[in-house]
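Okay, here's what each chain looks like letter by letter:
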Amino acid sequence: MKFKPPFNQVEHKRVKIPEKLVDLSPVARSLNRIYQEINTNGAQEETLKSLSADIKCVEDHFGINAKAAVMLAQICDSDTMGGSDKEDLANFVGCTNIEFTAFQKALTQLRKRGISRRCQRGMADTYRLTREALRSLQVGQEFSPLSLEVSTTKELFKRILSIFSESAEERSDSDAVLCELEELFENNQDLPFCKSYCFSDDMKFCSSYEKLVFLYICQRYVNFNERQINQMEILEQINWLDRIEDVMHDINEDMCSLQTIRLISYGGTNGFLDKETLTLTDRAVKSYLPDIKPPLRFGFNECGGRLVPCSSITPKELFYNAVENEHMERLESMLDDQNFKGIKQRLSEMGMRQGFAVLFTGAAGCGKTAGVYELARKTGRDVLAVDMSE
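Caption draft 1: Spatial organisation of the overall build of the protein chain. Along the backbone of the protein chain there are 18 helices and 9 strands. Counting across all 390 residues of the protein chain, residues that qualify as buried make up 40%. A separation of at least 24 residues holds for 62% of the contacts in the protein chain among residues at least 6 apart in sequence.

Structure (structure tokens):
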């Protein structure tokens, strides 16, 4: 095995900037000094002694031991470059890979405290900062690790949405985001989605970029009740994702692994294929999201009707004569949640179906359709519009 030269013997082009020109929090400043001194002089006893105050500052801030504090300095400095593997860390302190086994407990401590995360980079594991540790360093606030355990699939996908949103804001790299998400799944394997993701063979066929596209479509399904998503919208929302355009190109050429293993397909309604939209397949929903109620489909549904959400109905000022006005007010009152519960209970006690029908009659243009839509809007009900001529 070919060893790298000790880290302090590698030529660097970095220029040491005066501390007064860099606005760092106290703990970040201590980590910076630890990194610079050990990178220059190695982890000699005299160097560590001169850094005792800085090491103590990092120990107290994160609740870790001295070895972990030294490891954290290298992990912090390499975080924006993909993190540090064990060989990088061994070179940093100037020891062999065998000697580095003495630091293994320190790395485990950093992970268990939620300070670092182990990520896959090629054939090696790398160590990177968690978001919470990075924020704590940036502002110097008390470190508070985020629990990785959630209780429901809905809660899991709220966390996924948060990770995607923060990644877009911070322009995070794909490997770091996927690493964060997969660590979340590993800690919640009792949930159906996490169990399928971690143990099925599906993900073995997918690139990290394809996995992130799949997770994005899943979170839109769970969080926003959307089964079909426009491809341009996906491009806009996760444009920070490395190679997103390549993935979308593969999808349009029917070359994407997600299509091959039948996790996503093109959208469409009434049997017509729409290559501009993507949807989760029935197989994906059944395998990964069995505990999530399928969303109502916007546009045309299986019965030939068009679902119109009440939130999309534009308010209108309608005018009725006295009799019609009384009828509309009575209907609105009957459809009030509390009143309607009472109506359903009485109908149930009489052995009848729990609902009622209303027939609107009148000449064309008299306001029958507008009245129904306004009534639906006021009472918070979606409208299923069916054209009987079709």
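Resuming the write-up.
Caption draft 2: Focus on the state of the cysteines. Going through the model one piece at a time under the given rule, you end up with 1 disulfide. Each sulfur of the disulfide joining Cys-119 and Cys-179 lies 2.4 Å from the other. Across the S-S bond linking Cys-119 and Cys-179, the dihedral sits near -85°, which makes this disulfide left-handed. Taken together, the residues span a long stretch of sequence, with Cys-119 in strand 2 (residues 116–121) and Cys-179 in helix 9 (residues 174–186) at a distance of 60 residues. On the basis of relative accessible area, Cys-119 is assigned to the buried category, the value being 5%.

Caption draft 3: Representation of helix 13 (residues 244–252) in the model. The complete set of buried residues in helix 13 reads Ile-244, Val-247, Met-248 and Ile-251. Looking down the long axis of helix 13, one finds its buried residues gathered within 95° of arc, a one-sided arrangement. Within two residues after helix 13, Asp-254 carries a phi angle of roughly 60°, on the positive side.

Caption draft 4: Just the packing of helix 16 (residues 322–334) against helix 18 (residues 368–379), in detail. Two elements in contact, helix 16 and helix 18, have axes whose closest approach is 10 Å; the angle formed by their N-to-C orientations is 35°. Classified by chirality, the crossing of helix 18 by helix 16 is right-handed. In contact with Met-328, Leu-331 and Glu-332 of helix 16, helix 18 contributes Gly-371, Leu-375, Lys-378 and Thr-379. Of the residues in the contact of helix 16 with helix 18, the class split is 3 nonpolar, 2 polar and 2 charged.

Caption draft 5: Broad picture of the side chain of Ser-257. Mapped onto the fold, Ser-257 is located in helix 14 (residues 257–260). The class of Ser-257 is buried, set by a relative accessible area of 18%. In terms of polar contacts, Ser-257 uses its side chain to reach the backbone carbonyl oxygen of Phe-205, at 3.0 Å. Sequence-distant contacts of Ser-257, that is, excluding residues within four places in its chain, are made with Phe-205, Cys-206 and Glu-210.

Caption draft 6: How the structure looks around the nonpolar core. If you look at the biggest cluster of nonpolar residues, it comprises 49 residues, and the most contacted ones within it are Leu-156, Phe-193, Phe-214 and Leu-280. Among the secondary structure elements, those contributing two or more residues to this core are helix 8 (153–170), helix 9, helix 10 (192–199), helix 11 (208–224), helix 13, strand 5 (264–269), strand 6 (272–280) and helix 15 (282–288). Beyond its immediate chain neighbours, meaning those up to four positions away, Phe-193 contacts Leu-156, Phe-157, Phe-185, Phe-214, Leu-215, Cys-218, Tyr-288 and Leu-289. Ala-28, Phe-62, Val-70 and Ala-90 belong to the second-largest nonpolar core, a separate cluster that totals 34 residues.

Caption draft 7: The packing of aromatic side chains, seen in detail. Taken as a whole, this structure holds 12 aromatic pairs when the rule is applied. Where Phe-340 meets Phe-356, the ring centres are 6.1 Å apart and the plane angle is 70°; that geometry is what we call edge-to-face. Of this pair, Phe-340 sits in helix 17 (residues 337–349) while Phe-356 sits in the loop between helix 17 and helix 18; the two residues are 16 residues apart in sequence, bridging distant segments of the chain. Three or more aromatic residues link up through ring pairs in this structure, and these residues are Phe-157, Phe-185, Phe-193, Tyr-197, Phe-214 and Tyr-288.

Caption draft 8: Broad picture of the pattern of salt bridges. Evaluated as defined, the whole model comprises 20 salt bridges. In this structure, the salt-bridge partner of Asp-79 is Arg-128, at a minimum N-O distance of 3.7 Å. Within this pair, whereas Asp-79 is found in the loop between helix 4 (66–78) and strand 1 (84–85), its partner Arg-128 is found in strand 3 (residues 124–129), the two being separated by 49 residues in sequence. Judged by its relative accessible area of 11%, Asp-79 is buried. Glu-180 is the salt-bridge partner of Arg-131, the closest N and O atoms lying 2.7 Å from each other. With Arg-131 in helix 7 (residues 131–139) and Glu-180 in helix 9, the pair connects residues that are 49 residues apart, well separated along the chain. The buried category is assigned to Arg-131, whose relative accessible area is 8%. Connected through salt bridges with shared partners, the residues Arg-131, Glu-132, Arg-135, Glu-166 and Glu-180 form a single ionic network.

Caption draft 9: Representation of the confidence of the model for the protein chain. Per-residue confidence for the protein chain averages 84 on the pLDDT scale, and 88% of its residues sit at or above 70. Within the model, the stretch residues 297–303 combines pLDDT values under 50 with 15 contacts to residues more than four positions away or in other chains.

Caption draft 10: Quick peek at the side chain of Arg-117. On the secondary structure map, Arg-117 appears in strand 2. On the basis of relative accessibility, which here comes to 6%, the residue Arg-117 falls in the buried class. Separated by 2.4 Å, the side chains of Arg-117 and Glu-183 make a polar contact.

Caption draft 11: Looking closely at unusual backbone geometry. Within the chain, Asn-225 stands out as a residue other than glycine whose phi angle is a positive 60°. Within the secondary structure, Asn-225 is located in the loop between helix 11 and strand 4 (228–230). For Asn-225, a relative accessible area of 36% translates into the label partly exposed. Not every positive phi belongs to a glycine, and Asp-254 is a case in point at roughly 60°. Mapped onto the fold, Asp-254 is located in the loop between helix 13 and helix 14. With a relative accessible area of 48%, Asp-254 lands in the partly exposed category.

What counts and what doesn't
- Residues numbered from 1 in each chain as written.
- Predicted model: local features only at pLDDT ≥ 70, side-chain atom pairs only at ≥ 80, totals over all residues.
- Heavy atoms only, no water.
- Helix = DSSP H or I, 4+ residues; strand = E, 2+ residues; numbered from the N terminus.
- Buried < 20%, exposed > 50% of the residue type's maximum accessible area, 1.4 Å probe, protein only.
- Contact = heavy atoms within 4.5 Å.
- Disulfide = S-S within 2.5 Å.
- Arc of directions from axis to C-beta.
- Axes fitted to C-alpha atoms, helices over the stretch in contact; angles between N-to-C directions.
- Left-handed = near helix turned anticlockwise from the far one by under 90°.
- Nonpolar A, V, L, I, M, F, W, Y, C, P; charged D, E, K, R; others polar.
- Polar contact = N/O pair within 3.5 Å; in protein donor to acceptor, adjacent residues only side chain to side chain.
- Core = buried A, V, L, I, M, F, W, Y, C linked by side-chain atoms within 4.5 Å.
- Phe/Tyr/Trp six-rings, centres within 6.5 Å; stacked < 30°, edge-to-face > 60°.
- Salt bridge = Lys/Arg side-chain N within 4 Å of Asp/Glu carboxyl O.
- pLDDT = per-residue confidence, 0-100.

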